[in-house]
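Coordinates in review
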Amino acid sequence: MQSIRTRMAPSPTGDYHIGHIRTVLYNYALSKKHGGKFIIRIEDTDQVRLVEGAVDRILDVIGEYGLNWDEGPKKGGDFGPYTQSERLDIYKDHAQKLIDGGNAYYCFCSKEDLDQMRKEQQAQGLPKTMYDGRCKNLPAEKIAQFLSEGKSYTVRLKVPSGETIEFDDEVYGHLSFSSDEIDDTVLLKSDGYPTYHLAVVVDDHMMGITHVMRGNDWIPSTPKHILLYKAFNWQPPIYVHLPNLKEQGADRKLSKRFGSVFATDFLREGYLVEALLNFLMFLGWNPGGEKEIYSLEEFVNDFEISRIHKTDLVAFDREKLLWVNGYYIRSMPLAKLCKSVKDWAEKFEIDLKCGEYELDYHLKVLDLVRERMKKLSEYVGLTHYFYHKPEVSPELLYKYAKSEERGQEIIGSILALLENVTQEKWKTADLEKMCHENLEKNDYKTKEFFMTLRVAITGETATPPILEVMELLGKELVLERLASASKL
Ligand code: GLU
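Residues numbered from 1 in each chain as written. Predicted model: local features only at pLDDT ≥ 70, side-chain atom pairs only at ≥ 80, totals over all residues. Heavy atoms only, no water.

As a structural note, the neighbourhood of the ligand is formed by Arg-7, Ala-9, Ser-11, Glu-43, Tyr-196, Val-200, Arg-214 and Trp-218. Ala-9 is positioned such that a nitrogen or oxygen atom in its backbone is 2.8 Å from a nitrogen atom of the ligand. Contact between the ligand and Tyr-196: an oxygen atom at 2.6 Å from a side-chain N or O atom of the residue. Surface burial for the ligand is 86%, taken as the share of its 290 Å² of free accessible area covered by protein chains. Here the residues of the shell around the ligand sort into four nonpolar, one polar and three charged. Counting contributing residues, the shell around the ligand receives three or more from each of domain 1 (1-80 + 243-331) and domain 2 (87-242). (Near = heavy atom within 4 Å. Polar contact = N/O pair within 3.5 Å; in protein donor to acceptor, adjacent residues only side chain to side chain. Areas by Shrake-Rupley, 256 points an atom, 1.4 Å probe, with all protein chains shown as cover. Nonpolar A, V, L, I, M, F, W, Y, C, P; charged D, E, K, R; others polar. Domains from an automatic or database assignment.)

Here is the structure:
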């Protein structure tokens, strides 16, 4: 079998969307599974929509998600250049071949002509406006004259009339289109740049791409590509269109109103790459079992095109992503998690506010809080009282004892109790025993006792088991905080 070559072809018109990373992931997996190659190609032919710096940002974020390419920008390869603006002569030659073969034609219509044409068609109530083909049959002398006068032109695809254009999609099955619905699309623009349609076909062919895997919003473009393959007498690649992403519970694409949409923003928010990839794997694919946690390696191994969902849109369930991330945070080796927090903070210039402590202390803190942590960005909020004396609100402090008097009584009794505990006995189990004896003796309710203690020490109502927190903070700090609380 021919070696599999897949590609992702970003247009640098803005930052990379999380949905693009899903598509990169599938392309990556298909090629890796079969020992093939994954290629990145930059499609920068729309000079008007180019965004400064976008190429680098896109390449960086693909790398940050760990989906490295075998050929492409910054990497090279035998089929370069991998940036379309560096391949203009290739497209020009191919456009010429199409003209010579009678599959494309010069169009000398000006922008004003085209605007006028559109307006007239709209006024006639046509469902969609299309080029009316007025330059299709220009006599050769006229063309030669215009060209010699240096008149501006584009090259258009000559779409045959009354034909059916069909192709098989690995996900959506056999698809057919009437050629009468297809516009004589511009292939080469007046600025000498190709349009997407010409460039994508020429490059996919010349770069030996075997599988074109992309969002299903490209299905309507595919018949044009099929016509081009036919005109060049080339074999089209295998098409694998993927369901696009939508917000969970809404029939709309991902929107900032619901949360992050750009790949880099999910990293900034404190999602782990492993968790994001694991979540993205299931957006349009399912191995058919119960297993939900997949490493990239396992995914590469199990990925099958036949298991891609034949649906228009798949739901991007943000709650599920949070769950998967929490799962990874809870289950990864502690030292690795600690490094992830540190690297994340460094990369996004976040102040962890955790001062100068030994690594061992940070690890213990992290071990205590990670049960509750769903995103790395929650670290500061979950750990501040391990590093700094908290602000304690009197309202919260007395909330559980129901009155200031009873709250203070509880704090006083704990202070008296703990003052005499030796360092050796400052252990969760011993503290627990003492506290329970104390609350029974004084007839305090468990909740009012421990919640008052928790608020006094941490300023928070939700923390890891408070006695474990106390063991880690140490006697001195705990007594200091209780003493401050007793003065509120
Ligand atoms: N440059 C196109 C994009 O921005 C690529 C589409 C394709 O994969 O053919 O998505």
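The next point concerns the environment of Met-117. Of note, Met-117 is situated in helix H4 (residues 111-123). Setting aside residues up to four positions removed in sequence, Met-117 forms contacts with Met-130, Tyr-131, Asp-132 and Arg-134. (Helix = DSSP H or I, 4+ residues; strand = E, 2+ residues; numbered from the N terminus. Contact = heavy atoms within 4.5 Å.)

The subject of this paragraph is the domain arrangement of the protein. Along its sequence, the protein is carved into domain 1 (1-80 + 243-331), domain 2 (87-242), domain 3 (337-388) and domain 4 (394-486). The interface is formed by 29 residues belonging to domain 1 together with 28 residues belonging to domain 2. A combined buried area of about 2300 Å² lies between domain 1 and domain 2, and 57% of that area is made up of carbon and sulfur atoms. Linking domain 1 with domain 2 are three salt bridges. Salt-bridge contacts for Asp-204 lead to Arg-41; the nearest nitrogen and oxygen are separated by 2.9 Å. Taken together, domain 1 and domain 2 are joined by twelve residue pairs in polar contact (both at pLDDT 80 or more). For the side of domain 1 that touches domain 2, the elements supplying multiple residues, two or more each, are strand E1 (5-8) and helix H1 (18-33). The element contributing the most residues to the side of domain 1 that touches domain 2 is H1, with five residues. Along the lines of polarity and charge, the residues of the side of domain 1 that touches domain 2 split into nine nonpolar, eleven polar and nine charged. (Buried area = accessible area lost by both parts, 1.4 Å probe. Salt bridge = Lys/Arg side-chain N within 4 Å of Asp/Glu carboxyl O.)

Relative to the helices and strands, Ser-413 resides in helix H16 (residues 404-419). There is a polar contact of 3.3 Å between the side chain of Ser-413 and the side chain of Asn-438. Those residues in contact with Ser-413, other than ones at most four positions away along the chain, are Asn-438, Asn-442 and Tyr-444.

Here we take up the pattern of salt bridges. The final tally for this structure, using the stated rule, is 30 salt bridges. Glu-269 serves as the salt-bridge partner of Lys-375, at 2.8 Å between the closest nitrogen and oxygen. Of this pair, Lys-375 sits in the loop between helix H13 (359-369) and helix H14 (379-387) while Glu-269 sits in the loop between helix H8 (263-268) and helix H9 (273-281), and the two are 106 residues apart along the sequence. On the basis of relative accessible area, Lys-375 is assigned to the buried category, the value being 16%. (Buried < 20%, exposed > 50% of the residue type's maximum accessible area, 1.4 Å probe, protein only.)

So, about helix H7 (residues 222-232). Counted residue by residue, H7 has nine buried out of eleven residues, so it is predominantly covered. Buried residues of H7: Thr-222, Pro-223, Lys-224, His-225, Ile-226, Leu-227, Leu-228, Tyr-229 and Phe-232, and no others. Asn-233 occupies a position one or two residues after H7 and carries a positive phi of about 65°.

This part takes up the nonpolar core. Among the nonpolar cores identified, the biggest contains 150 residues, and Tyr-65, Phe-303, Phe-316, Phe-386, Leu-418, Met-470 and Leu-482 are the most heavily contacted of them. When residues in this core are grouped by element, the largest group, eight residues, is from H1. Setting aside anything within four residues of it in sequence, one finds Leu-482 in contact with Ile-411, Ile-414, Leu-415, Leu-418, Leu-453, Ala-456 and Ile-457. Formed by six residues, the second largest nonpolar core is a distinct cluster that contains Tyr-105, Cys-107, Cys-109 and Cys-135. (Core = buried A, V, L, I, M, F, W, Y, C linked by side-chain atoms within 4.5 Å.)

All right, on to a positive patch on the surface then. A surface patch of like charges, here positive, comprises Lys-399, Lys-402, Lys-445 and Lys-447. Relative to the elements of secondary structure, Lys-402 occurs in the loop between helix H15 (394-397) and H16. Exposure remark for Lys-402: the relative accessible area of 73% places this residue in the exposed category. (Patch = residues over 30% accessible without salt bridge, like charges linked within 9 Å, V, L, I, M, F, W, Y side chains within 5 Å. Lys, Arg positive; Asp, Glu negative; His and termini not counted. Charge placed at Lys NZ, Arg CZ, Asp CG, Glu CD.)

By the element assignment, Lys-246 lies in strand E10 (residues 244-247). Sequence-distant contacts of Lys-246, defined by excluding residues within four places in its chain, comprise Asp-251, Arg-252, Lys-253, Leu-254, Leu-313, Val-314, Ala-315 and Phe-316.

Quick look at H1 now. Compared with the 22 Å implied by 1.5 Å per residue over 16 residues, the 22 Å span of H1 between its first and last C-alpha is a close match. Directly after H1, the chain includes Gly-35, whose backbone phi takes a positive value near 65°. (Expected span 1.5 Å × (residues − 1).)

Moving on: the packing of aromatic side chains. Counted according to the given criterion, the structure contains 30 aromatic pairs. Of the aromatic side chains, those joined through ring pairs into one cluster are Tyr-26, Phe-282, Trp-285, Tyr-294, Phe-299 and Phe-303. Residue placement shows Arg-5 over the ring face of Phe-79; its charged tip is 4.1 Å from the ring centre. One Lys or Arg, Arg-156, reaches over the ring of Tyr-131 and ends 3.7 Å from the middle of that ring. (Phe/Tyr/Trp six-rings, centres within 6.5 Å; stacked < 30°, edge-to-face > 60°. Lys NZ or Arg CZ within 6 Å of the ring centre and 35° of its normal.)

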